[in-house]
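Summary of structural features
Spelled out from the first residue to the last, the chains are:
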Amino acid sequence: MSWSISAIAAEPVIVTRPRVKVGLLPFGDIIVLTPENNLFLYSGKQCLCRYILPSCLSKGQVPNNMIPSEAASAFHDLKIVGLADAVDGRVNVIVHNGQVFRCALRRSPSSSLVNDCITVMAQGLSFGFYNHFLGLLWGDGNSAYLLEADATVDSEWDSYSSIVMQMGQKFRIYPEKLSDSISNSSWDFLITSKFHKNYCKTYNFAGISTRTSPDLKESKSSGSCLEATQSQDKPFYSEFLLEILDSLHAVYECLKLDNLRKRDLGLLVVLLCNIADFLGEGSYLDHYIRDFPGLSKEFGICNSLSGKTPPSLFRWLENCLQHGCSSADKSDLPSLICRDETSVLSWARKIISFYSLLCGTNQSGKNLSSGVCCNIATGSYSNSEEMTVLAMVGERFGLQQLDLLPSGVSLPLRHTLDKCRECPPTDWPADAYVLIGREDLALACLSHSSKPREDEAEANANLVSMSTPYMLHLHPVTIPSSISDTIGLENTKLEDADAVDGSTTDGMEHIFNSSMQLRYGRDLRLNEVRRLLCSARPVAIQTSANPTASDQDLQQAQLWHLAQRTTALPLGRGAFTLATISTLLTEALTVPKLVLAGRLPAQQNATVNLDPNIRNIPELKTWPEFHNAVAAGLRLAPLQGKMSRTWIIYNKPEEPNVTHAGLLLALGLHGHLRVLTITDIYQYYSQEHESTTVGLMLGLAASYRGTMQPAISKSLYVHIPARHPSSFPELELPTLLQSAALMSVGLLYEGSAHPQTMQILLAEIGRRSGGDNVLEREGYAVSAGFSLGLVALGRGEDALGFMDTFVERLYQYVGGKEPHNERSLHLTLSADDHNRSAGQMMDGTPVNIDVTAPGAMIALALMFLKSESELVASRLSIPCTRFDLQYIRPDFIMLRVIARNLIMWRSVHPSKDWIQSQIPEIIQNGIRCLEDEMADADEMDAEAFVQAYVNVVTGSCISIGLRYAGTRSGNAQELLYQYALYILNEIKPVTVRGGSDFPKGISRYVDRGTLELCLHLIVLSLSVVMAGSGHLQTFRLLRYLRSRNSGDGNVNYGTQMAVSLAIGFLFLGGGMWTFSTSNSAIAALLITLYPRLPTGPNDNRCHLQAFRHLYVLATEARWIQTVDVDTGLPVYAPLEVTIKETVYYGETSFCEVTPCILPERGVLKTVRVCGPRYWPQVIDLVPEEKPWWSIGDKNNPFNSGILYVKRKVGACSYVDDPVGSQSLLSRAMHKVFGLTSLRASRPSVNDCAGAGAISIDQLVSTFSSDPSLIAFAQLCCDPSWNSRSDPDFQEFCLQVLFECVSKDRPALLQVYLSLYTMLGAMADQVSTSASTMSDSLFIPSLKLALAYNEALLRRSLVNSRGGIIQSTFIGSLRRRMEELLKYYLGLQSDFHNYLETGRWPAENSQHSNPSTFLSWYLQWYNVPAPSVIKNAVEKIKPGHKSSFPILRLLFPRTHVNAIGEIDKFRVSDRVNA
């Protein structure tokens, strides 16, 4: 089809049908500029109206919209010359002077009802009919909403309905006006025949009348010409009005399902009654009057000229619930609703699709067997209820839309949501979880999504659409971690009676947040930890009030011992505050002061400083200041993204210092130094600052751990002069830097088994250090051993074939036999390496094992970590002869035990028997001889036995600590604690009794320093096992050990560092972090726990102090905290944790209370929120030998430590009610509400406003966070409550409130009140005879509630929690309704008259609104239209006295009471006849 329009410019616009689409494209119109400079709007080839520019443009005002020519005077000054840039309903109008006006063409009426009616007519009417309607609509000068920009809603509806009424009036007067002019020719007979009509419909000519249509191109007012031609054709208007009736009836049925469209429904029903009256459709007219009985005064007689029954959505919904979707009559559904593109009727289509899915429809893609289509969201489902929930999500039908439905219609859908609420599938979208009231699962689902920001914004919008306006608590929950969120600031200040100023910044002030308060409650452990680890204030020195010269010397001695402890505190503080604050990239990092001064409480807190003439204070503070800066940097939590390079450079000082050096190491341990460029790195190196270089190398290696990054590798090898080529200029580097570089190489190549790197590191173990300090050779060799072990970490058996040679050489370094093939090792080296091999350490023997043995043993242990290689372990045997005991150093025995157990990982067991099995028989016999006073033991042998015994025991305890790191194993804790007490009692008897079966008196044969070292290593291992737990018994032991320093000269810096680290480990990350047992973690912990403690703050000979911070690489944030999704506050919640079956135990489940630390990922199988107070939630995991999820990982099922939970209504949180009072809820509610006394004595207003009334509000808010319940409870507390409602209603409201709170169904408050007030309003109308109700639309809703109850009784709908509304309440509504119908005595006669004449009753002396009673009766009992009943009665033979069975068969949906009345009517009608 084609046509032409004369125009100089044209643009496509969307004006007449903005909501109609043709396929996926909107229906378009054309705005045309004719050669005469006129603007016309065309829909197809039909000209609708002319537009002109308003006169206000001459004053420079820009109009908001353009109006038709009939609405404004012509404006001739401006001449339109072009159109451009049309978008939707807007177009640029170009005038002759070059001005461009952006004009908005009036698109659709502001009245939603008019808009819906026009849109549905565009979709429901035939093409020709709708074009004719557009001509009437746009060509009529009385169309008010086209004339005025600010037309009111009422005027728009009046204009629209008047057009439809005009067509009806013309249809009605046609027989009177044109009866004389009707032609009886054969042509007229042909074009009015049924064949012609069917032909036109078949070939899409339904809009062409039986007369020839005029040529639209030749008419300026096509609408008026079409009207003039077609107004003389009654069949045209008959079909036209029938299609309008069908279309608008579909809108009418749709509006009945929306509680907020009652006013629109009242306007539309009047128009529909007129159309039905014009057409003589008595069944339609009767259908409308039943809903609005007040219309019976204007349309009293319902005589039907056709047997057509109007569709009824309520009837279809009721049948669907009663008999299933397959049995429901599809003719009850308007045909337009079944169209997918009908946007206006999508509300009804969605409800039909939900009921269809719930009642067992057959599904084929989007199409359902009920005739409608439905979008179903992705997700699994196992029953019809779950599929219905997904359909509601797919159709974006949320709780807000559910509240708009009539109560009876919403009940089955609320039943569906309630059934799916407890255990929904785990793969649902977040919208589905919000819909069923599981916001906890919704937020967890959102946190796991990896969508871009645009999709996340759309998802958040969907969540809002799923929720209700008064329940929009899906705000992002942040767990506060700053000092501003401190709970009870007065309780979190540093509790120190001797403190001068409790507000000093000590680097731990941020630790007291809501999470920590919840973890420890009113416990003051954190306060005590903060006091013990504080190094920012002078320490108290106890002296006399009148000091003498000797007292001053004593003060300096005490201050020196306290300074040893103070300088060791930052290591523990770094572990305690690990990753506890977020980075503020706009501020510099604050490092707390390290104060070595003391104060004298006996002398008004006078300050005492160390005498610089006795001690070198700057040298003393060098490495402690480094540790202090590391601790400050470790506070920063790892970021989800990269840290800003600018921020690191911003914190860089002008002159290098140890503070920035420590910060670099801390940032590197968190992985932040990747942002530095290679230029930045070499600028740091060029400063030639020892501490900065150490911190940078270790930090870079930690950040690039395991990557073998070439640029970083080159920068590290620069600091290993032994590996420089012969042509490289000689560099003099301190041994400390070389040791750090070796360790950094190991971290960089971790787990790679890189052959060349392994050869280099193996050679370095046996090479003399290039530094001046010969005593640092062992530390250099240990660093090389650790590095070699890291490179081949756990790959001793699967590395390349040269591993045998490496192992033999390491055995030589340990002190074993000569290597079998030493020559082969030299053959693998390069020429330069071979020349440099002469520098290997010989020192009079082939190998100086005193230097090489520790590093070699560590390398073997890490290379064969967890390999269970008995061959390798056997080469590290513990001495079994007296000669070997004298030959091997005792501390090497400890390393051998540790190395053997790391290799034989699975054999480590936390029992005393296992530790005894580690002790050779000769040592056990020697220890027994020592206990026997009669035995004659050699003093030298006794010392060897005891030295070996304590080192074997300590090595075994360290092995247990590493094996059970972070597990909080009760057996391991108890065992290590007993051995710690045993060693402590040997040093100095204490009140705590040690084990009675341990050997006594070993302190006589071993020096005090060895026992102190063993004690602190055991305690450190104990803290590694209990990391992050804050175990009270362990903490008390550590506090005691810390307090011994002031009066015991044997406690030095190294032991204080061990105690400080142990305290930090016990409260690792404030109790939120713990250790892993992965290969990488065990290696890092072994570096930290290396059993050679420094003797002073600057001692780096045997082990570089900076290595003690590498424990950070072994930490995991396995901490989990539950957050109430409604309040956003952390809460306690019980968890059931299930771990998988292992070789040691079967599958085990145990309970934890959040906040808590979960087991490792390798054994964790299931985490379930249990207990009666919170909705259940299950997180199923697949145990994998992988590290814990990093912070910000979208795949983390625990959302970076936050698990959202939803508290059940009727349950208190464990903070408010630790004991549990849910069982007392009923008694408390009844006591407060006073239900039994409401009827007996109505309380006064003052009483209601007193304590009892306030208690209702308080009690409900205690048990529920639902805003609707709390608001309703506040209404019950209103002093005017009694004056506005009767006691019965008050009692009912309180009972409903109790029902909703106790059963956690707050949404039913609306349903209960709606159903109750329905019957209450009916009762008022019956008793007062006043017209209080304008419609009877609540009757179908009530019947749907009854149908839902019957479906529950038939078990067609099932819910494990029972029906969501009480069956007794539904039954009482049914009885009450039947009682009301019996109240009006004249109902029977009115009903018989209605069946006889089709006339509705008028007012009479008995009642002012008899039509209302009749409408109730007809709808309640499903009485068909009178024409249908008459036709059925006429078919029954008159000989039957009772036709009840036949009528029952003819009208199966009609109630038996009404069937009886119809039978009486039939009998009486026969008698009268």
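Thresholds, definitions, all that
- Residues numbered from 1 in each chain as written.
- Predicted model: local features only at pLDDT ≥ 70, side-chain atom pairs only at ≥ 80, totals over all residues.
- Heavy atoms only, no water.
- Helix = DSSP H or I, 4+ residues; strand = E, 2+ residues; numbered from the N terminus.
- Buried < 20%, exposed > 50% of the residue type's maximum accessible area, 1.4 Å probe, protein only.
- Contact = heavy atoms within 4.5 Å.
- Pairing = 2+ DSSP bridges.
- Axes fitted to C-alpha atoms, helices over the stretch in contact; angles between N-to-C directions.
- Parallel < 35°, antiparallel > 145°, perpendicular 65-115°, else oblique.
- Left-handed = near helix turned anticlockwise from the far one by under 90°.
- Polar contact = N/O pair within 3.5 Å; in protein donor to acceptor, adjacent residues only side chain to side chain.
- Core = buried A, V, L, I, M, F, W, Y, C linked by side-chain atoms within 4.5 Å.
- Salt bridge = Lys/Arg side-chain N within 4 Å of Asp/Glu carboxyl O.
- Nonpolar A, V, L, I, M, F, W, Y, C, P; charged D, E, K, R; others polar.
- Patch = residues over 30% accessible without salt bridge, like charges linked within 9 Å, V, L, I, M, F, W, Y side chains within 5 Å.
- Areas by Shrake-Rupley, 256 points an atom, 1.4 Å probe, with all protein chains shown as cover.
- pLDDT = per-residue confidence, 0-100.
- Phe/Tyr/Trp six-rings, centres within 6.5 Å; stacked < 30°, edge-to-face > 60°.
- Expected span 1.5 Å × (residues − 1).

1. A few points about the overall build of the protein
If you tally the helices and strands in the protein, you get 61 helices and 25 strands. Across the 1473 residues of the protein, 57% fall into the buried class. Pairs at least 24 residues apart make up 72% of the contacts formed inside the protein by residues separated by at least 6 positions.

2. Some details on the sheet that holds strand E13 (residues 539–540)
Here we have 3 strands laid out as an open sheet, ordered E13-E14-E15, and mixed in their pairing. Pairing within the sheet leaves two strands with one partner each, and these edge strands are E13 and strand E15 (606–608). Of the pairings in the sheet, the one linking strand E14 (residues 598–600) to E15 comprises 3 bridges and is antiparallel in character. Along E15, the bridge assignment pairs Leu600 with Ala606.

3. Quick word on the sheet that holds strand E9 (residues 90–95)
A sheet is described by the order of its strands in space; here 3 strands give the open sequence E8-E9-E10, paired in antiparallel fashion. On the outer flanks of this sheet lie strand E8 (80–87) and strand E10 (100–104), each paired with one strand and no other. Strand-to-strand twist across the sheet, computed as the mean angle between neighbouring axes with direction ignored, equals 25°. Summarising the sheet, E9 and E10 pair through 5 bridges and their orientation is antiparallel. In the strand pairing of E10, Arg90 is matched with Ala104.

4. Describing the environment of Ser407
Positionally, Ser407 belongs in helix H15 (residues 407–420). Separated by 906 residues in sequence, Ser407 and Leu1313 place their C-alpha atoms 9.4 Å apart. Among all residues touching Ser407, those that are not within four sequence positions of it are Gln1310, Val1311, Ser1314, Leu1315 and Ser1341.

5. Examining unusual backbone geometry
Residue Thr1154 is joined to Pro1155 through a cis peptide bond whose omega torsion reads 0°. Within the secondary structure, Pro1155 sits in the loop between strand E21 (1148–1153) and strand E22 (1156–1157). Of note, the phi angle at Asp85 is positive, near 55°, even though the residue is not glycine. Secondary-structure assignment places Asp85 in strand E8. Backbone geometry places Gln604, a non-glycine residue, at a positive phi of 55°. Residue placement: Gln604 occurs in the loop between E14 and E15. Taking relative accessible area as the criterion, Gln604 reaches 75% and is therefore assigned exposed.

6. With respect to the packing of helix H44 (residues 1032–1042) against helix H45 (residues 1053–1066)
Two numbers describe how H44 lies on H45: the axes approach to 10 Å, and their chain directions differ by 155°. When the axis of H44 is compared with that of H45, the two are roughly antiparallel. In the crossing of H44 with H45, the sense of the turn from one axis to the other is left-handed. The segment H44 lies against H45, with Thr1034, Phe1035, Leu1038, Leu1041 and Arg1042 engaging Gln1056, Val1059, Ala1062, Ile1063 and Leu1066.

7. Here we look at the pairing of strand E6 (residues 46–52)
For E6, the buried fraction is high: 6 of the 7 residues fall into the buried class. The sheet contact formed by strand E5 (residues 39–43) and E6 spans 5 bridges and is antiparallel. The residue bridging Phe40 from the neighbouring strand is Arg50, located in E6. Once E5 ends, the chain turns through 2 residues before running back antiparallel as E6, passing Gly44 with a positive phi of about 70°.

8. Thoughts on helix H13 (residues 384–394)
Of all 11 residues that make up H13, 9 are buried, and the element is covered over most of its length. Those residues of H13 that fall on the buried side of the exposure criterion are Glu385, Glu386, Met387, Thr388, Val389, Leu390, Ala391, Met392 and Val393. Two or three places before Glu385, at the start of H13, stands the capping residue Asn383, its side-chain oxygen 3.2 Å from that residue's backbone nitrogen. Backbone geometry just downstream of H13 places Arg396 in the positive-phi region, at approximately 55°.

9. As for the side chain of Ser407
Classification of Ser407 as buried rests on a relative accessible area of 5%. Among the polar contacts listed, one links the side chain of Ser407 to the side chain of Ser1314, at a separation of 2.7 Å.

10. Looking at the nonpolar core
Formed by 206 residues in total, the largest nonpolar core has its most connected members in Ile648, Leu810, Phe1065, Phe1075 and Tyr1111. With 13 residues, the top contributor of residues to this core is helix H41 (residues 939–963). Once you skip the residues sitting within four places of it in the chain, Leu810 turns out to touch Leu762, Ile765, Leu788, Ala856, Ala859, Leu860 and Met863. Counting 196 residues, the second largest nonpolar core, distinct from the first, contains Cys273, Ile289, Leu333 and Val1423.

11. Examining the pattern of salt bridges
The final tally for this structure, using the stated rule, is 45 salt bridges. We note a salt bridge from Lys256 to Glu253, for which the minimum N-O separation is 3.5 Å. No difference in accessibility class separates Lys256 from Glu253, as the two residues are buried. Arg889 is the partner of Asp850 in a salt bridge, and the nearest nitrogen-oxygen pair spans 4.0 Å. Of this pair, Asp850 sits in helix H35 (residues 849–863) while Arg889 sits in the loop between helix H37 (882–887) and helix H38 (890–903), and the two are 39 residues apart along the sequence. The exposure class assigned to Asp850 is partly exposed, which follows from its relative accessible area of 37%. Through salt bridges with shared partners, a single ionic network connects Glu778, Asp850, Arg889, Asp891 and Arg1092.

12. Examining the packing of helix H51 (residues 1267–1276) against helix H53 (residues 1287–1302)
Any two packed helices are characterised by the angle at which their axes cross and by the distance between the axes. Interaxial distance between H51 and H53 falls to 11 Å at its minimum, and their mutual angle equals 155°. Judged by the angle between their axes, H51 and H53 are roughly antiparallel. The handedness of the crossing between H51 and H53 comes out as left-handed. On the side of H51, the interface is formed by Leu1269, Phe1272, Ala1273 and Cys1276, while H53 contributes Cys1293, Leu1294, Leu1297, Cys1300 and Val1301. Class assignment of the residues belonging to the contact of H51 with H53 gives a composition of 9 nonpolar, no polar and no charged.

13. Description of the environment of Thr881
Along the chain, the position of Thr881 falls in the loop between helix H36 (870–874) and H37. What makes Thr881 partly exposed here is its relative accessible area of 36%. The sequence separation of Thr881 and Pro920 amounts to 39 residues, and the corresponding C-alpha distance is 9.2 Å.

14. A short note on a nonpolar patch on the surface
Side chains of Ile678, Tyr682, Val718, Phe728 and Leu731 sit close together on the surface and give an oily, nonpolar patch of about 380 Å² of accessible area. Locating Val718 in the fold gives a position in the loop between helix H28 (710–717) and helix H29 (735–748). By relative accessible area, Val718 is classed as partly exposed at 31%.

15. A word on the confidence of the model for the protein
On average, residues of the protein carry a pLDDT of 80, and 78% of them reach 70 or more. Between residues 67–75, whose pLDDT stays under 50, and residues either more than four places distant or in other chains, the model counts 20 contacts. Note on residues 174–183: pLDDT is under 50 here. Beyond four places in sequence and across chains, it has 7 contacts.

16. Thoughts on the packing of aromatic side chains
Throughout the structure, instances matching the rule amount to 33 aromatic pairs. With centroids separated by 6.0 Å and ring planes inclined at 75°, the aromatic side chains of Phe133 and Tyr160 adopt a geometry described as edge-to-face. Of this pair, Phe133 sits in helix H2 (residues 127–139) while Tyr160 sits in helix H4 (residues 153–178), and the two are 27 residues apart along the sequence. Its relative accessible area of 0% is what places Tyr160 among the buried residues.

17. Considering helix H12 (residues 346–358)
Between its terminal C-alpha atoms H12 stretches 18 Å, which fits the 18 Å expected from 13 residues at 1.5 Å a residue. Buried residues dominate H12, accounting for 13 of its 13 residues. Of the residues one or two after H12, Gly360 is the one with positive phi, at around 85°.

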